[in-house]
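Commentary on secondary and tertiary structure
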Amino acid sequence: MQVLARRWRRKGYTIALVPTMGALHNGHLSLIKRARRVADKLVVSIFVNPTQFGPREDYSRYPRTFAADKNKCLAGGADVIFCPTPETMYPPAFGTWIEMDELTSKLEGAARPTHLRGVCTVVLKLFNIVTPDVAVFGQKDFQQGVVIKRMAADLNLGVKIIIGATVREPDGLALSSRNAYLTTVQRQTADVLYRTLTWAKEQIIAGKNRPAALVRHMTEVIELDSGFKVEYIEFADPWTLKRQKVIEPQTVVLIAAQLGRTRFIDNIIVK
Ligand code: PAF
């Protein structure tokens, strides 16, 4: 991959990268298509990154569907599908990590303490290998996008970060590789997250500016009869992720909730 990227660069081609962990769905496909439009060469990486999973998380059962993924990448116009092995990415002597300030210790970082360190480290490695001009990530992992933008700026990576809109099922459920874990019964109630997010957006537009009452109502609605357990609902500044005690003209509403053994996240931006 490095040799090929160097060859492309020598010829003056620009490179776009869509980093993924495979189990590709239409959300990934929309990121791939977006990336296709912004550079001469398109690399989709597929790597289930062990260092972003905690010890009790779903690394070993994370869906691996390479044959189908390959067809989707080709349909989306990828020039290269880059699939390194864990041993290549993390040889036994590996010991260098990207650590960030409190941006990675709140929200997802509070629930999954080493998650964003693993994400940043693998993304920087992928950037160093592929040398992209542009990299495209999904909005569903909102904090991940903010953290990667910060890393790119702080470390002068010279990679433009594009965040592609979340793609949803007709009932609003955000597409996610982890939706494959849902039972039929769980799937019927899983749309409640997005329903409450859109409800919150309507409330803000109607002039409500105190998060506390909205969080209380949203938690009640989500947990009622659905089997969901809310982990956090937060109203934050979309660039810094600073919590807003009074909702400001630009806010992102972030949710994490557990359904059975599966953790779901979603968000909505309100301007
Ligand atoms: O969003 C993901 O799928 C992963 O966190 C990423 C960015 C591919 C890093 O492993």
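Just so we're clear, the structure is a prediction, and the values are computed from it rather than from any experiment.

**Some thoughts on the overall build of the chain**
- Each helix and strand counted, the chain has 10 helices and eight strands in total.
- Relative to a compact globule of 271 residues, whose C-alpha radius of gyration would be 18 Å, the chain shows 19 Å and is just as compact.
- With respect to the three principal axes, the spread of C-alpha positions in the chain is 55 × 40 × 40 Å.
- Taking all 271 residues of the chain together, 52% fall into the buried category.
- Sequence separation of 24 or more characterises 70% of the internal contacts of the chain that already satisfy a separation of 6 or more.
- As displayed, the chain has an accessible area near 13,300 Å², and 53% of this comes from carbon and sulfur atoms.
- One way to put it: in the chain the 38 positive side-chain charges average out to a point 6 Å from where the 25 negative ones average out.

**Observations regarding the confidence of the model for the chain**
- For the chain, per-residue confidence averages 97 on the pLDDT scale, and 100% of positions sit at 70 or higher.
- Taken element by element, the chain is modelled with least confidence in helix α8 (residues 184-189), mean pLDDT 93, and with most confidence in strand β1 (residues 15-20), mean pLDDT 99.

**Considerations on the site of the ligand**
- Surrounding the ligand, one finds Pro19, Thr20, Met21, Asn49, Gln52, Val119, Val122, Phe137, Asp141 and Gln144.
- Between glutamine 52 and the ligand, the recorded distance is 2.6 Å, taken from a side-chain N or O atom to an oxygen atom.
- Take glutamine 144: an N or O atom from its side chain is 2.7 Å from an oxygen atom of the ligand.
- Starting from 290 Å² of accessible surface for the ligand in isolation, the protein chains cover 89%.
- Counting residues per element, the ones that place at least two in the shell around the ligand are β1 and α6 (115-130).
- Class assignment for the residues of the shell around the ligand results in five nonpolar, four polar and one charged.

**So, the pattern of salt bridges**
- One pass over the full model with this rule turns up 14 salt bridges.
- Here aspartate 266 and arginine 168 are joined by a salt bridge, their closest N and O atoms 2.8 Å apart. Highlighted residues: aspartate 266 in strand β8 (residues 262-270) and arginine 168 in the loop between β5 (160-164) and α8, separated in sequence by 98 residues.
- Look at aspartate 266 and you get buried, because its relative accessible area is 4%.
- Overall, the relative accessible area of 22% leaves arginine 168 in the partly exposed class.

**Things to note about the packing of α6 against helix α7 (residues 142-154)**
- Two elements in contact, α6 and α7, have axes whose closest approach is 11 Å; the angle formed by their N-to-C orientations is 50°. As judged from the angle between their axes, α6 and α7 are oblique. Note on packing geometry: the crossing formed by α6 with α7 is right-handed. Taking contact as the criterion, the partners of Leu116, Val119, Cys120, Val123, Leu124 and Phe127 in α6 are, on α7, Gln143, Gln144, Val147, Ile148 and Met151.
- Per-class residue counts for the contact of α6 with α7 are nine nonpolar, two polar and no charged.

**Observations regarding the sheet that holds strand β4 (residues 134-138)**
- Across the sheet, which stays open at both edges, the five strands sit in the order β3-β2-β1-β4-β5 with parallel pairing between neighbours. The open sheet has two free edges, formed respectively by β3 (80-82) and β5, since each of these has just one partner strand. Here the average twist between neighbouring strands, direction ignored, is 25°.
- Most of the contacts of α6 go to β1, to which it runs at about 150°, and overall it touches β1, β2 (41-46), β3, β4 and β5.

**Structural notes on the sheet that holds strand β6 (residues 228-236)**
- Strands sit in the order β6-β7-β8 across an open sheet of three strands; the sheet is antiparallel. Taken across any chain shown, the strands that pair with only one partner, and hence form the sheet edges, are β6 and β8. For this sheet the average axis-to-axis angle between neighbouring strands, irrespective of direction, equals 15°.
- Pairing geometry for β6 and strand β7 (residues 251-259), over eight bridges, is antiparallel. Counted as the bridge partner of valine 230 is alanine 257 from β7.
- The sheet contacts of helix α9 (residues 192-205) involve β6, β7 and β8, and relative to β8 the element is tilted by about 25°.
- Sitting on the sheet, helix α10 (residues 211-223) touches β6 and β7, and the angle it makes with β6 is about 155°.

Rules used throughout
Starting afresh in each chain, residues are numbered from 1 along the sequence in its written order. Reporting of local features is limited, given that this is a predicted model, to residues whose pLDDT is at least 70; pairs of side-chain atoms are given and counted only at 80 or more, and all residues count toward the totals for whole chains, interfaces and linings. Excluding hydrogens and water, the side-chain figures rest on all heavy atoms present in the structure. Elements are defined by DSSP. Helices are runs of H or I of four residues or more, strands are runs of E of two residues or more, and each kind is numbered from the N terminus. Based on C-alpha atoms, the radius of gyration is set beside the globule rule, defined as 2.2 Å times the residue count to the power 0.38. Only protein chains enter the accessibility calculation, which uses a 1.4 Å probe. A residue is then buried if its area is under 20% of the maximum for its type, exposed if over 50%, and partly exposed in between. Note on contacts: a residue pair qualifies if any of its non-hydrogen atoms lie within 4.5 Å across the two residues. We get accessible surface area from the Shrake-Rupley algorithm with a probe of 1.4 Å; when it comes to residues, only the shown protein chains can shield them. Counting rule applied: Lys, Arg positive; Asp, Glu negative; His and chain ends not counted. Charge positions come from single atoms, namely NZ of Lys, CZ of Arg, CG of Asp or CD of Glu. Known as pLDDT, the predictor's confidence for each residue is given on a scale from 0 to 100. Nearness is judged by heavy atoms alone; a residue qualifies as near a molecule or strand once a single heavy atom is within 4 Å of it. The term polar contact refers here to a pair of N or O atoms within 3.5 Å; inside protein, the definition further demands a hydrogen-donor-capable atom paired with an acceptor-capable atom, and it admits residues adjacent in sequence only when both atoms are side-chain atoms. Just so you know the grouping, Ala, Val, Leu, Ile, Met, Phe, Trp, Tyr, Cys and Pro go in nonpolar, Asp, Glu, Lys and Arg go in charged, and all remaining residues, Gly too, go in polar. Salt bridge criterion: a side-chain nitrogen from Lys or Arg within 4 Å of a carboxyl oxygen from Asp or Glu. An axis is simply a line fitted to the C-alpha atoms; with a helix, the fit covers only the stretch in contact. Between two such axes, the angle follows the N-to-C directions and lies from 0 to 180 degrees. Any angle between 65 and 115 degrees counts as roughly perpendicular, while under 35 counts as roughly parallel, over 145 as roughly antiparallel, and the rest as oblique. Rotating anticlockwise by less than a right angle from the far helix to the near helix defines a left-handed crossing, while the corresponding clockwise rotation defines a right-handed one. Any two strands between which DSSP finds at least two bridges are classified as paired.

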